[in-house]
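The primary structure of each chain is shown beneath.
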Amino acid sequence: MAIHFDRAGQTARRLRKEPTLSEAALWRLLRGKALAGLRFRRQVPIGPYIADFCCFSARLIVEVDGGVHHFTEDRDAARDAWLATQGFRVLRLSNEMVLSHPDQALEDIRGAASPPIRPAPPATFPRQGGRE
C-alpha cells in the first residue's frame, strides 16, 4: 500500500487495530519470537509502504495477500523491487495458505528467513616448502 510519509504511522496503527482474519491468525503464530526466535513486527512503515509483517534481523517482509492482489500484480512487483533495493526479501503468502495450512506457512517463513546456503569455497592447501 503506497501512502504519504506523514500518515504512515497513523495508517499502520489503524491496520494493527483492524487486521484481516488471516493477518490476525498469522500474528498469533509469529508474536513473541515464537518462530525460531525471530522477532516480527506487524504493519511496519518502510519508506512509502507498510509491510504486513517484518523481521528486521532477517531482512524479511511477509505479506498476506487476498484475492485482490491478482489485480495489483504490477504494483506489488514495483513495491517488492523497491523493498529489495532497501535490502529486504519479500515473501507473499495467500490468505488461504495462512488459514488452511498454517504449518506450511510457518515453514515457508522459516525457510525465507534462513540465510541462503552458499557452497563452501574450494579447499586450498598451503604449498609445500613455500615452492610450487
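Caption draft 1: Main features of unusual backbone geometry. The phi dihedral of Gln43 is positive, around 50°, even though this residue is not glycine. Here Gln43 lies in strand β1 (residues 41-46). A relative accessible area of 4% places Gln43 in the buried class.

Caption draft 2: Focus on the environment of Phe40. Here Phe40 is to be found in the loop between α2 (21-30) and β1. Residues Phe40 and Cys55 lie 15 residues apart in sequence; the distance between their C-alpha atoms is 4.5 Å. Among residues more than four places away in sequence, those in contact with Phe40 are Trp27, Leu30, Leu35, Phe53, Cys54, Cys55, Leu60, Val62 and Ile109.

Caption draft 3: Examining the packing of aromatic side chains more closely. This structure, assessed with the given rule, holds 3 aromatic pairs. Relative to Phe88, the ring of Phe56 has its centre 6.0 Å away and its plane inclined at 70°; by these criteria the two rings are edge-to-face. You can see Phe56 sitting in the loop between β2 (49-55) and β3 (60-65) and its partner Phe88 sitting in the loop between α3 (73-85) and β4 (89-94), a full 32 residues away along the chain.

Caption draft 4: Fine view of the packing of α2 against helix α5 (residues 102-113). Running from N to C, α2 and α5 cross one another at 65°; their axes reach a closest spacing of 11 Å. Note on packing geometry: the crossing formed by α2 with α5 is right-handed. Here Leu26, Leu29 and Leu30 of α2 lie close against α5, whose contacting residues are Pro102, Leu106 and Ile109.

Caption draft 5: Spotlight on the side chain of Asp52. As for its placement among the helices and strands, Asp52 is situated in strand β2. Within the local environment of Asp52, its side chain forms a polar contact with the backbone nitrogen of Val64, the two atoms lying 2.9 Å apart. If we ignore the near neighbours within four places in the chain, the residues touching Asp52 are Glu23, Arg41, Arg42, Gln43, Val62, Glu63 and Val64.

Caption draft 6: Summary view of the pattern of salt bridges. This model, assessed by the stated rule, comprises 5 salt bridges. Residues Asp80 and Arg92 are paired through a salt bridge, measuring 2.9 Å at the closest nitrogen-oxygen approach. Taken together, the residues span a long stretch of sequence, with Asp80 in helix α3 and Arg92 in strand β4 at a distance of 12 residues. With a closest N to O distance of 2.7 Å, Glu107 and Arg110 form a salt bridge. Of the two residues, Glu107 and Arg110 are both situated in helix α5; the distance of 3 residues between them amounts to about one turn of the helix.

Caption draft 7: Looking closely at the pairing of β3. Along β3, 6 of the 6 residues are buried, which leaves the element largely enclosed by surrounding structure. What you see with β3 is no split at all: Leu60, Val62 and Val64 on one side and Ile61, Glu63 and Asp65 on the other are buried throughout. In the sheet, β2 pairs with β3 via 3 bridges, with the strands oriented antiparallel. The residue bridging Cys54 from the neighbouring strand is Ile61, located in β3. What sits between β2 and β3 in their antiparallel hairpin is a turn of 4 residues, with Arg59 showing a positive phi close to 55°. Both β3 and β4 contribute to a ladder of 6 bridges, which runs parallel.

Thresholds, definitions, all that
Residues numbered from 1 in each chain as written. Predicted model: local features only at pLDDT ≥ 70, side-chain atom pairs only at ≥ 80, totals over all residues. Heavy atoms only, no water. Helix = DSSP H or I, 4+ residues; strand = E, 2+ residues; numbered from the N terminus. Buried < 20%, exposed > 50% of the residue type's maximum accessible area, 1.4 Å probe, protein only. Contact = heavy atoms within 4.5 Å. Phe/Tyr/Trp six-rings, centres within 6.5 Å; stacked < 30°, edge-to-face > 60°. Axes fitted to C-alpha atoms, helices over the stretch in contact; angles between N-to-C directions. Left-handed = near helix turned anticlockwise from the far one by under 90°. Polar contact = N/O pair within 3.5 Å; in protein donor to acceptor, adjacent residues only side chain to side chain. Salt bridge = Lys/Arg side-chain N within 4 Å of Asp/Glu carboxyl O. Pairing = 2+ DSSP bridges.

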